[in-house]
Amino acid sequence: MPHVQVSVDTHDGVCAATLHTPSDVGAWPGVILYPDAGGVRGTFAAMADRLAGMGYSVLLPDVYYRTEWAPFDIATVFDDPSERERLAALSVSVDADMVVRDAGAFLAYLARHPAVAGTRVGTVGYCMGGRMSLTAAAHHADRIAAAASFHGGELAAAGDPDSPHLLAHLMRGTIYVAAAQDDKVFPADQHERLRSALSGAGVRYTLETYAAAHGFAVPDIPPHDADAERRHWDALARLYGENLSG
């Protein structure tokens, strides 16, 4: 799929990103793809290409654009204490307010782009990006019609004032959450807390657990699970097909 390097003006600076579109000339519904804690890299560019091939204009932003950072070696980052520490510090450097501001800028960019059709936008995120996807969906409910989280972490953490489950009352789009099995960053108590919040707010949602480990949908990390990845693409196709067209 064709893609181009773009720059998105934000409240805090300029965010580097890539825009991935189908091969044909035209305009398609917009999607924002949030990467995992390892940040933008070749795997996520390939995932954005695949999503574009399904009929969407996909924006893949460098969520760490405020900080100069060197790419991680995803195959070894969790075995190297210093690299693991660097990744952890970078992942917590983007707070909820930043996510909300950035999402507004990404939506504005998509609204102006000739390759984007309509006003309904989808979001999808992995690991850390899953939390970003839901946060954006709550604070920009007028634009985000469908939001997905795959093996997202800390989606309903007790005592966290920025936890996405506390934003359920703001969500108007359809929400899809696929948890990993036995996931320490989204344990059973958070699963039930999120379900209760979404149900109580009358949100249209699906919340399910895949029989796979945290990271199942991302091909370049060790926990990747081919069957779970295929299931996640099928789920995205349904979610966006039902909510972004028209």
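On a predicted model such as this, the values are computed, not experimentally measured, just so you know.

Asker: What exactly am I supposed to notice about the pairing of strand S1 (residues 3-10) here?
Answerer: Along any regular strand, the residues point their side chains to alternate faces of the sheet. The pairing of S1 with strand S2 (residues 13-20) spans eight bridges and is antiparallel. Each bridged residue has a counterpart across the sheet, and for valine 6 the counterpart in S2 is alanine 17. What sits between S1 and S2 in their antiparallel hairpin is a turn of two residues.

Asker: In this structure, what is going on with the nonpolar core? I would like to understand it.
Answerer: Within soluble globular proteins, side chains that are nonpolar generally end up buried alongside one another. Grouped together as the largest cluster of nonpolar side chains are 83 residues, with contacts concentrated most on Leu51, Val124, Tyr126, Phe150, Phe216, Leu236 and Tyr240. Here the element with the most residues in this core is helix H3 (residues 96-112); it accounts for eight residues. If sequence neighbours within four positions are ignored, valine 124 has contacts with Val31, Ile32, Leu33, Tyr34, Leu51, Ser133, Ala148, Phe150, Leu236 and Tyr240.

Asker: Would you mind going over the environment of arginine 143 with me for this structure?
Answerer: For arginine 143, the position within the fold is in the loop between helix H4 (128-139) and strand S6 (144-150). A sequence separation of 25 residues divides arginine 143 from glycine 118, and the C-alpha atoms of the two residues are 9.8 Å apart. With residues up to four places along the chain from it excluded, the contact list for arginine 143 reads Leu107, Ala111, Thr119, Arg120 and Val121.

Asker: Even after reading the chapter, I still don't get the packing of aromatic side chains, so can you show me in this structure?
Answerer: The geometry of an aromatic ring pair is captured by the separation of the ring centres together with the interplanar angle, meaning the angle of the planes. Within this structure, the stated rule accounts for seven aromatic pairs. In textbook terms, an aromatic cluster arises when at least three aromatic residues are bridged by ring pairs, as seen for Phe44, Tyr126, Phe150 and Tyr176. Between the NZ or CZ atom of arginine 231 and the centre of the ring of tyrosine 210, over which it lies, the distance is 3.9 Å.

Asker: I'm lost on the sheet that holds S6 in this one. Help?
Answerer: One open sheet accounts for eight strands, arranged S1-S2-S4-S3-S5-S6-S7-S8; its pairing is mixed. Only two strands of the sheet have a single partner each, and these edge strands are S1 and strand S8 (205-210). Strand-to-strand, the axes of this sheet are offset by a mean angle of 20°, without reference to chain direction. Here helix H6 (residues 226-243) sits on the sheet and contacts strand S3 (28-34), strand S5 (116-126), S6, strand S7 (174-180) and S8; the angle it forms with S6, its principal contact strand, is near 170°.

Asker: How do you make sense of the pattern of salt bridges when you look at a structure like this?
Answerer: Where charged atoms from two side chains of opposite charge come close, those side chains can pair. Tallied over the full model, the rule gives 11 salt bridges. Residue aspartate 102 pairs with arginine 66 through a salt bridge whose shortest N-O separation is 2.8 Å. One end of the pair, aspartate 102, is in helix H3; the other, arginine 66, is in the loop between strand S4 (57-61) and helix H2 (81-91), and 36 residues separate them in sequence. Among the residues examined, arginine 66 registers a relative accessible area of 28% and is labelled partly exposed. Across the pair aspartate 227 and arginine 230 runs a salt bridge, and its minimum N-O distance is 2.1 Å. Linking aspartate 227 with arginine 230, this pair stays in helix H6, spanning three residues, or about one helical turn. Here the salt bridges share partners, and the residues they tie into one network are Asp12, Arg66, Arg101 and Asp102.

Asker: What should I look at first to understand helix H5 (residues 188-200) in this one?
Answerer: Taking 1.5 Å as the rise per residue, H5 with 13 residues should run 18 Å; its terminal C-alpha atoms sit 18 Å apart, in good agreement. If you check which residues of H5 are buried, you get Gln190, His191, Leu194, Ala197 and Leu198. End-on view of H5: buried residues confined to an arc of 135°, all on one side of the axis. Those residues of H5 that are exposed and aimed more than 90 degrees away from the buried face are Ala188, Ser196 and Gly200. Summarising the contacts, the buried residues of H5 are in contact with S7 and S8. Where H5 terminates, the next one or two residues include glycine 202, which has phi positive at roughly 75°.

Conventions and cut-offs
Residues numbered from 1 in each chain as written. Predicted model: local features only at pLDDT ≥ 70, side-chain atom pairs only at ≥ 80, totals over all residues. Heavy atoms only, no water. Pairing = 2+ DSSP bridges. Helix = DSSP H or I, 4+ residues; strand = E, 2+ residues; numbered from the N terminus. Core = buried A, V, L, I, M, F, W, Y, C linked by side-chain atoms within 4.5 Å. Buried < 20%, exposed > 50% of the residue type's maximum accessible area, 1.4 Å probe, protein only. Contact = heavy atoms within 4.5 Å. Phe/Tyr/Trp six-rings, centres within 6.5 Å; stacked < 30°, edge-to-face > 60°. Lys NZ or Arg CZ within 6 Å of the ring centre and 35° of its normal. Axes fitted to C-alpha atoms, helices over the stretch in contact; angles between N-to-C directions. Salt bridge = Lys/Arg side-chain N within 4 Å of Asp/Glu carboxyl O. Expected span 1.5 Å × (residues − 1). Arc of directions from axis to C-beta.

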